[in-house]
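# Survey of secondary and tertiary structure
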Amino acid sequence: MSPASTRPARLPVRACAGALAALVVLSTATSALAEGDQQDPVSSAQTSTTVSGSAPMLSVPKASRSLPAALDLRPTYQGATSCDPVDRPGAVALGRLLVDTYATGRFGVSRLCTGGVSEHHEGRAVDWMLSAENPTERAVATSTLSWLTANNGEVARRLGVMYIIWDRKTWRAYAPERGWSPYTGPNPHTDHIHLSLTWDGAMKRTSWWTGTALSRPDFGPCRVYAGQPAPIYTGARTTPCPKTLPPAPASAYPVYLLGARHDDIGAAQTALGITADGQFGAVTRKAVLAYQARTGLPRSGALDKATWARLVPTAGLTRPMSTDERPTPAPAPPKKDSNPSGTLPVPKSVPQPLGAYKKVVLRPGHARGAAIHHLQLALGVPLSGRVDGPTSEAIKAVQKRWRLAPTAVVDLRTWNRIELSAYPWLSYTRISLQRGSAGREVSALQRLVGVGVDASFGPKTQQAVTQLQRRYGLPATGVVSEQTWWAAADWSLR
């Protein structure tokens, strides 16, 4: 039975203005929130805030079957490892349950595998579009989140909710005792609630849907090679993924995922016998999956290192050289330090290149000095000093890419998306990297530290990281921590 078919009686949300003032809303934190919802939020600050108060809550969703006395097992963190943006049944059912209960907002599940690591890329995250600035929608959010997280997250466990992000804070079902904590990143998530699900929640196997408490988890797909995308999901895996993995086969080509655009992709398309347009769309993904199945490669659906090594081998080399291993020109003169006699201060949070302008709303025709200048720099359009035709078209292109209304009006949501598009490293600052790592996050790091970009963390990347760490007085380990990301971003913006 569909949850929508048993819609519970509820207060008319838009008629409950008198109760709104009595509702206790989530407290505000000063940090911003990561757009990519990328990885375990466990590393964010520990200051706890709570949802509490004696005011009556709005009606909450009702299960369509009797719930067992036993609770589903406490979830563990299951970060995204694959690119497989297919809406999972549990995610869709949860989105419909919330929207139907309150007749408020809309929801989305999967999206293309660009812009950082996210459970959206595996179809197991729900974005429920509510505005923290709208009193009615904020009341709905407060009521729903109180319901989900009460009693150490009893309902969240029954639904398979892994963690929640809303209005600059995060809550984790795998660490409910920590309550609501501030969460840093470029997007404050004030325009939607993000709910990431476990694989069992995503596949609708938890007690809310089945009436039986879950006692054995599905760990989801496991990587085959270190730092490479995992094969796409084919069914439940009840044994944990191995902790030690072999390195990927060598290839000079970086990893490309669904949604990417690059001339390199045209080389793969030519080898696959399909139209070489340099765009990694559904046709290319289907051809890649078929090729991987024929050749016995992990069926990741991505142009990963193993696929490149088989599909487009480099003639005359037993092991293709990466950019890190090739001779490079003499480095450019170093940038002038603001403190040449000592180390530079590490930023206290992730730098936000456009943060100073996000309160400015820009419309076609506007001319507002520094805000326009930095907007056009980020968009890569001519510096005309006003929101002219080319600038408006570039704004609309970003809005369409992020599924926003293409209005050419730059509000907070659009500023955030433009910033992520122009500075993709913002999506990766919580990912630890070291020698042997590979992928888009390595490419972003290499651009920051000024070495050749090949998505493979080799000796020259390690050397550049070590030099950066010494410059900022960090331990020169060559391992990229969150503070190293901040330092690299600060250096690139000087």
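In case you missed it, the structure is sitting above this.
Quick look at the structure, then. (Residues numbered from 1 in each chain as written. Predicted model: local features only at pLDDT ≥ 70, side-chain atom pairs only at ≥ 80, totals over all residues. Heavy atoms only, no water.)

### Comments concerning the overall build of the protein chain
Filter applied, for reference: Under the scheme used here, helices are H or I runs from DSSP no shorter than 4 residues and strands are E runs no shorter than 2 residues, and both carry numbers assigned from the N terminus. Think of it in three bands: residues with accessible area under 20% of the maximum for their type are buried, residues over 50% are exposed, and the middle band is partly exposed, with areas taken using a 1.4 Å probe on protein chains only. Any two residues whose heavy atoms approach within 4.5 Å at even a single point are treated as in contact. Computed with the Shrake-Rupley method and a 1.4 Å probe, the accessible areas treat only the protein chains shown as cover for residues.
Along its length, the protein chain carries 14 helices and 6 strands. Expressed as a percentage of its 494 residues, the buried residues of the protein chain come to 53%. Here the analysis covers contacts within the protein chain between residues at least 6 apart in sequence; of these, 64% occur between residues at least 24 apart. Accessible area for the protein chain stands at about 21,400 Å²; split by element, carbon and sulfur atoms hold 54% of it.

### Topic: the state of the cysteines
What counts is decided by this rule: What counts as a disulfide here is a pair of cysteine sulfur atoms lying within 2.5 Å.
Counting across every chain of the model gives 2 disulfides. Across the disulfide from C83 sits C113; the S-S distance is 2.1 Å. The sign of the 95° torsion about the S-S bond sets the C83-C113 disulfide as right-handed. Within this pair, whereas C83 is found in the loop between α1 (17–20) and α2 (89–102), its partner C113 is found in the loop between β1 (107–108) and β2 (125–128), the two being separated by 30 residues in sequence. This pair shows no difference in class: C83 is buried, exactly as C113 is.

### A short note on the environment of P345
The topology assignment puts P345 in the loop between α8 (305–311) and α9 (370–379). Considering only alpha carbons, one finds P345 and R471, 126 residues apart in sequence, at a separation of 9.1 Å.

### Some remarks on the packing of α9 against helix α11 (residues 412–422)
Filter applied, for reference: Interaxial angles span 0 to 180 degrees and are taken between N-to-C directions of axes, which are lines fitted to C-alpha atoms, for helices over the stretch in contact. Should an angle fall under 35 degrees it is called roughly parallel, over 145 degrees roughly antiparallel, and 65 to 115 degrees roughly perpendicular, with every other angle called oblique. Helix crossings get a hand from a simple test, with the near helix turned counterclockwise from the far one by less than a right angle marking a left-handed crossing and a clockwise turn marking a right-handed one.
Between α9 and α11, whose axes approach to 9 Å, the crossing angle comes to 45°. By the angle between their axes, α9 is oblique relative to α11. Between α9 and α11 lies a crossing whose hand is left-handed. Of the residues in α11, those touching α9 at A371, L375, A378 and L379 are W415, I418 and A422.

### Some thoughts on the pairing of β2
Operational definition: A pair of strands is considered paired only if DSSP assigns at least 2 bridges between the two.
In β2, alternate side chains face the same way, and those of A125 and D127 on one face and V126 and W128 on the other are all buried. The pairing of β1 with β2 spans 2 bridges and is classified as antiparallel. Among the inter-strand pairings, F107 is bridged to a residue of β2, identified as W128. Two strands pair when backbone bridges link them, and β2 and strand β6 (residues 193–197) are joined in this way by 4 bridges, in the antiparallel orientation. Within β6, the position partnered with A125 by the bridge is S196.

### Remarks on the pattern of salt bridges
Where charged atoms from two side chains of opposite charge come close, those side chains can pair. What counts is decided by this rule: Whenever a carboxyl oxygen of Asp or Glu lies within 4 Å of a side-chain nitrogen of Lys or Arg, that contact is scored as a salt bridge.
Enumeration over the complete set of coordinates arrives at 15 salt bridges. A salt bridge links E154 to R158, with the nearest nitrogen and oxygen atoms 3.9 Å apart. Remark: R158 and E154 occur in helix α3 (residues 135–159); sequence separation between them is 4 residues, near one turn of the helix. On the basis of relative accessibility, which here comes to 5%, the residue R158 falls in the buried class. The shortest N-O distance in the salt bridge between R413 and D191 comes to 3.7 Å. One end of the pair, R413, is in helix α11; the other, D191, is in the loop between β5 (181–182) and β6, and 222 residues separate them in sequence. A network of salt bridges, in which partner residues are shared, links D84, R88 and R285.

### Considering the packing of aromatic side chains
Geometry of an aromatic ring pair is reported as the spacing of the ring centres plus the angle between the planes. Here is the rule we go by: Each pair of aromatic rings taken from Phe, Tyr and Trp, with Trp reduced to its six-membered ring, is defined by centres within 6.5 Å and is described as stacked if the planes are under 30 degrees apart, edge-to-face if over 60, and tilted in the remaining cases.
Here the structure, examined in full by the defined rule, presents 8 aromatic pairs. Ring geometry for Y253 versus W308: centroids 4.0 Å apart, planes at 10°, classification stacked. Here W308 lies in helix α8 and Y253 lies in the loop between α5 (207–210) and α6 (263–272), a separation of 55 residues in the sequence. Consider the rings of Y256 and W308, whose centres lie 6.4 Å apart with planes at 70°: the pair is edge-to-face. Remark: W308 occurs in helix α8 and Y256 occurs in the loop between α5 and α6; sequence separation between them is 52 residues. Assigned by exposure class, Y256 and W308 land together as buried.

### A closer look at α9
Convention followed: For this quantity, the arc is that covered by the directions from the helix axis to the C-beta atoms.
Buried within α9 we find A371, I372, L375, Q376, A378 and L379. Buried residues of α9, seen end-on, are gathered within an arc of 160° and therefore sit on one face of the element. As for α9, its buried residues are in contact with α10 (389–401) and α11. Looking one or two residues beyond α9, the residue adopting positive phi is G380, at roughly 75°.

### Quick look at the pairing of β6
Successive residues of a regular strand alternate their side chains across the two faces of the sheet. Of all 5 residues making up β6, 5 are buried, and the element is well covered by its neighbours. Of the two faces of β6, the one lined by I193, L195 and L197 and the one lined by H194 and S196 are each fully buried. In this structure, strand β3 (residues 161–166) lies alongside β6, joined through 4 bridges in antiparallel fashion. Counterpart to V161 in the pairing with β6 is L197.

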